[in-house]
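Descriptive structure summary
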Amino acid sequence: MQTPTQATERADPVQTRPLSGATAWIISDGKAGHEALCLGVAEALGVRAEIKRVAPTGVWKLMAPWGPVDPGEKFGKPGTLFAPPWPQIAFAAGRTTTPYIRALKKKAGLKTYTVIMMDPKTGPRSADLFWVPEHDKRRGPNVVSTLTAPHPLSPALLTDLRSHPDAAIDALRQPRIAVLIGGPNERYRYPHPVVEELAALVRSLADLGAGLMITTSRRTPPELIAGIERAVRGANAIIWKGEGPNPYRAFLAHADAFLVTADSVNMAGEAAATGKPIYIFEPPGGAEKFTAFHQRLREKGVTRAAPERFETLGTWSYEPLYAADVVAAEIERRWQRRRTMLSGLT
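Residues numbered from 1 in each chain as written. Predicted model: local features only at pLDDT ≥ 70, side-chain atom pairs only at ≥ 80, totals over all residues. Heavy atoms only, no water.

For the protein, the helix and strand inventory stands at 11 helices and 13 strands. Taken against the 2.2 N^0.38 rule, which gives 20 Å for 346 residues, the C-alpha radius of gyration of the protein at 22 Å falls within 12% of a compact globule. Oriented by its inertia axes, the alpha-carbon framework of the protein measures out at about 70 × 45 × 40 Å. Taking all 346 residues of the protein together, the buried fraction comes to 52%. Nonlocal contacts in the protein, meaning residues at least 24 apart in sequence, comprise 72% of its contacts between residues at least 6 apart. A distance of 8 Å separates the average location of the 44 positive side-chain charges in the protein from that of its 34 negative side-chain charges. (Helix = DSSP H or I, 4+ residues; strand = E, 2+ residues; numbered from the N terminus. Rg over C-alpha atoms; globule rule 2.2 N^0.38 Å. Buried < 20%, exposed > 50% of the residue type's maximum accessible area, 1.4 Å probe, protein only. Contact = heavy atoms within 4.5 Å. Lys, Arg positive; Asp, Glu negative; His and termini not counted. Charge placed at Lys NZ, Arg CZ, Asp CG, Glu CD.)

Below, the structure written as structure tokens:
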């Protein structure tokens, strides 16, 4: 009897990946976060990925993920976005992409191994494999779960980023702290007192003599950005507010520690790929999934709750969490098993 796969986020090193150089499609709704999930695993596999963006409209959008692809798109016909030759691997993430990967699975059959990233709330036959975060409830024989989400920030990429000098970062004092700031969403709130609390916390890091690498997100409200700017005025700090090239990856690679707001599981998960200490600032609110995620990170020794004020910086380490490699290894295992079964039938 098969059981759900719940993998630890450390895959054994593989000299030659079985699917290296294989063709792959990433069926995308255009959302950067969804594409990052798929690209992280695709890059870990070493496949040649082509992104195919879809944007169904009208009733076809409303019926997703359960309904079919709009017949007007002529799925599978020559000259359309989805036409043979079929890829060896295909990924999809996001509710509106599910009809497309289900149609591909039907058209391509066993020629294409299909993977859905996140739970679209459809049946298990929609794809060959589903990935869901550990705090999600979906389980089954074709489900793999990891604590953090897959992303492209591999150990090799982080090492490469560290090898390239960055004048602005190099000018910062050590320790260098990456401050990753999200903002309000449907689960967390940032009333004025919380904005002041977070700004004072960031200032206390500067008062310790740390160099600060601060990045905001699209959800960060203007009041919070202004509060952070006032807090670090005259401090040894870089603050990115969405203008110019995004230094986010460089910040992660060069950080000695992190301060991350709890409203983004992705930012915490990406910081966890470094093996460096992570402090979590938790604004009011939360939800069961967020609570479970942050609790597991604390239990694994990855994160600690941020204090009211930093008087000193803790030093701890842990095995970096890199879920993309784990999901890739599971795909390889299942794909090879299928290939062996098919070869036995011919």
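Here the narrative resumes, following the displayed structure.
Either a parallel or an antiparallel arrangement is found when strands of a sheet pair, and the pairing is made through backbone hydrogen bonds. The 6 strands are arranged 10-9-8-11-12-13 in an open sheet whose pairing can be described as parallel. Both edges of this open sheet fall to strand 10 (237–240) and strand 13 (303–305), since each of them pairs with a single strand only. Pairwise comparison of adjacent strand axes, ignoring direction, gives a mean angle of 20° for this sheet. As judged from the 5 bridges shared by strand 8 (residues 176–180) and strand 9 (residues 211–215), these two strands associate in the parallel manner. (Pairing = 2+ DSSP bridges. Axes fitted to C-alpha atoms, helices over the stretch in contact; angles between N-to-C directions.)

Let us now look at the pairing of strand 3 (residues 48–53). As paired strands, strand 2 (residues 23–28) and strand 3 are joined by 6 bridges and run parallel to one another. In the strand pairing of strand 3, Ala 24 is matched with Ala 49. With respect to chirality, the unit in which strand 2 leads through helix 1 (residues 32–45) into the neighbouring parallel strand 3 is right-handed. (Right-handed = clockwise from strand over helix to strand, strands pointing away.)

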